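# Structure assessment
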Amino acid sequence: MADGPFWGILHEESCMKFLASLRLISAATSLVILPSGMNAQNFPIKLAPRWERVLEESKTTPTLQVVVNPPLRRGTPVHDNAYQALRDLGADYVRYVPWLPYPRLGVAELEPPKEGKTSWDFSPIDPMTIDFLEATKGHTAVLNFSTIPQWMYKTDKPVTYPDDPDKAVWNYEQGTELRDPTGKEVADYFARLLCWYTKGGFTDELGKRHESGYHYSIPYWEVLNEVDLEHHITPQTYTRLYDAIVTAMKEFQPEIKFVGVSLAVPGEHPEFFEYFLDHKNHQPGMPLDYISYHFYAIPKPDETLDVQQYTVFVQADGFLNSVRYIETIRKRLSPQTRTMINEIGIISADDIAQVAPSHVAKPIPDSYWNLAGAEYAYIFSELTHLGIDVAGESQLVGYPTQFPSVSMVDWTNGKPNARLWALKLLHDNFGPGDKIVEIGPIGQFAPTHPYVYASAVMTKEGKRKILLVNKHDGNFDLTIAGASGGQLDYVDVTTGFQPPTSTRLTSDNLTLHGFSVAVLILP
């Protein structure tokens, strides 16, 4: 979305092709065999964390991405509340993406230098970017100006774009061959973007100085976005571009770190990781600080929410298998490189159809936001077991015509929905340094429950916490050893768009409501 999988989607056929391909890589699930006459809803669920048995230490930071779109502009009903929610969250590694559907909001040089003049113009871009940098001040952020100016690509005729900065267009990115095959023209463009925000300005192609007055700290820069789809860039071309961009940027900010690859459909492109992570394919000394890639579950168009709750987690398990495979490549070729999975969410089939001119967005049930929050919580927790460094939920603001199903706020007023509250629950309770401990089998007949997921940790502060995720829209009763006297904080179908609810437990028994994301803090 956001810059989610719909980047370079130019027409409905592309959308459906992507949908089909994503399902191919999301076909794994697990089977729990229950005794005859017993179903998942009625067999007893008993959890017994073994606090003395540490499995691994978490490295994973929960966070989100912020994608540039018109509701985030100053003066809208969304702007103040959305940025306040971002500020209140206080997350690290927040990803900021000015993206292709809005060329005037994401591309600072829309025309090539001509007749002694350049077209550099940050006036539509700066307000949102500065608001983002201010809202995340004191925390690490990852900037990804993801769109290469279209004029840098060879096309049969110039590609036009709307005068209205708020009008979305899906055909801005065209062509596969750069007019400067060395990549220097592209690299210099991005180096100037960096200097605009960190060095007070830059000198353009014609030798003219442009002053910004900005001196922000930008510790991470992600190089392009979803390059398997945007311009269909090959691993070889991307690696050359990465090296050129990194070299140009480090000339002005030697300490900056970089994120590479940023694939939309990572399970389909293992060759990308094989090539990019092989240091022999880069210039000597080129830093490979991080790789990144994305995942969205995409239910079929005719699936109701009753069915989607199964589809979403089946596809999530398929993605997690892709993560395991990619990790084996990373560890073999470049073990010092870290990983950001910085777009995680659900995209409804209705969102894919939004590119059709006659499309009318369908209403989204309130409980959908809880399902999406539960999906992210489950994937985040599993990524902690896999040693992933950053797990980013997608995205702060979506709205009709611009992937409403991925929004983390109400697009009419910018106030958090259940997805953002679930992220806050995770952010406030879990993070790098947690010691993940073993949980015993839930019962005599099954090691795990098909719908209730649990992960127990000992935090850096020595607190014992258990993350509980209900993958189902029904209620489940649990018994957890030592829970009596503890505090249960949760977001579920009963809390709606409200902040997490807290309750004090008077016994070891508790109830998880539909699509619950809950944190049990033991006494």
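Scroll up to find the structure.
Residues numbered from 1 in each chain as written. Predicted model: local features only at pLDDT ≥ 70, side-chain atom pairs only at ≥ 80, totals over all residues. Heavy atoms only, no water.

## Observations regarding the overall build of the chain
Within the chain one finds 11 helices and 20 strands. Reported as C-alpha extents along the three principal axes, the dimensions of the chain are approximately 80 × 50 × 40 Å. Expressed as a percentage of the 523 residues in the chain, the buried residues total 59%. Contacts spanning at least 24 positions in sequence make up 77% of the contacts within the chain whose residues lie at least 6 apart. Summed over its atoms, the accessible surface of the chain is roughly 20,200 Å², and 52% of this surface lies on carbon and sulfur atoms. With 44 positive and 63 negative side-chain charges, the chain shows a separation of 4 Å between the mean positions of the two kinds. (Helix = DSSP H or I, 4+ residues; strand = E, 2+ residues; numbered from the N terminus. Buried < 20%, exposed > 50% of the residue type's maximum accessible area, 1.4 Å probe, protein only. Contact = heavy atoms within 4.5 Å. Areas by Shrake-Rupley, 256 points an atom, 1.4 Å probe, with all protein chains shown as cover. Lys, Arg positive; Asp, Glu negative; His and termini not counted. Charge placed at Lys NZ, Arg CZ, Asp CG, Glu CD.)

## Quick notes on the environment of E134
Along the chain, E134 falls in helix α4 (residues 126–135). Taking relative accessible area as the criterion, E134 reaches 33% and is therefore assigned partly exposed. Only 3.1 Å separates the side chain of E134 from the side chain of K137, close enough to count as a polar contact. (Polar contact = N/O pair within 3.5 Å; in protein donor to acceptor, adjacent residues only side chain to side chain.)

## Points about the sheet that holds strand β10 (residues 290–297)
Taking strand neighbours around the barrel as the criterion, the 8 strands line up as β3-β4-β5-β8-β9-β10-β11-β12 in a closed arrangement whose pairing is parallel. Adjacent strand axes in the sheet meet at a mean angle of 25 degrees when their direction is disregarded. Of the pairings in the sheet, the one linking β10 to strand β11 (residues 338–346) comprises 8 bridges and is parallel in character. Bridge pairing in β11 links Y293 to I341. Seen against the sheet, α4 touches β3 (61–67), β4 (94–97) and β5 (141–143) and runs at an angle of roughly 175 degrees to β4. Along the sheet, helix α6 (residues 235–250) makes contact with β8 (220–222) and β9 (257–263), crossing β9 at roughly 155 degrees. (Pairing = 2+ DSSP bridges. Axes fitted to C-alpha atoms, helices over the stretch in contact; angles between N-to-C directions.)

## A closer look at α6
For α6, which comprises 16 residues, the first-to-last C-alpha distance of 22 Å matches the rise-based estimate of 22 Å (1.5 Å per residue) to within 8%. Burial in α6 covers these residues: P235, Y238, T239, L241, Y242, D243, A244, I245, V246, A248 and M249. If you follow the buried residues of α6, they end up packed against α5 (184–198), β8, β9 and α7 (270–276). (Expected span 1.5 Å × (residues − 1).)

## Here we look at the nonpolar core
Judged by nonpolar contacts, the single largest core of 126 residues is most densely connected at F132, F190, W221 and L383. A per-element tally of this core places helix α10 (residues 366–386) first, with 12 residues. Apart from residues lying up to four places away in sequence, L383 is in contact with T60, L320, V323, I341, I344, I388 and A391. I45, V452, L478 and Y490 belong to the second-largest nonpolar core, a separate cluster that totals 21 residues. (Core = buried A, V, L, I, M, F, W, Y, C linked by side-chain atoms within 4.5 Å.)

## Quick look at the side chain of E109
Relative to the helices and strands, E109 resides in the loop between α3 (103–106) and α4. We note that E109 is buried and unpaired, the nearest opposite charge coming from R192 at a distance of 5.8 Å. A polar side-chain atom of E109 sits 3.3 Å from a polar atom in the side chain of W120. In this view, E109 contacts T118, S119, W120, P149, W151, Y189 and E205; residues no more than four positions away in its chain are not counted. (Salt bridge = Lys/Arg side-chain N within 4 Å of Asp/Glu carboxyl O.)

## Regarding unusual backbone geometry
Negative phi is the rule for most residues except glycine; trans is the rule for most peptide bonds. The linkage connecting S394 with the following residue, Q395, adopts the cis geometry, with an omega of -5 degrees. With respect to the element layout, Q395 can be found in the loop between β12 (390–394) and α11 (418–429). Despite not being glycine, H232 shows a phi value in the positive range, around 50 degrees. The class for H232 is exposed, based on a relative accessible area of 54%. Of note in the backbone geometry, S262 takes a positive phi value of approximately 50 degrees without being a glycine. Mapped onto the secondary structure, S262 falls in strand β9. For S262, a relative accessible area of 0% translates into the label buried.

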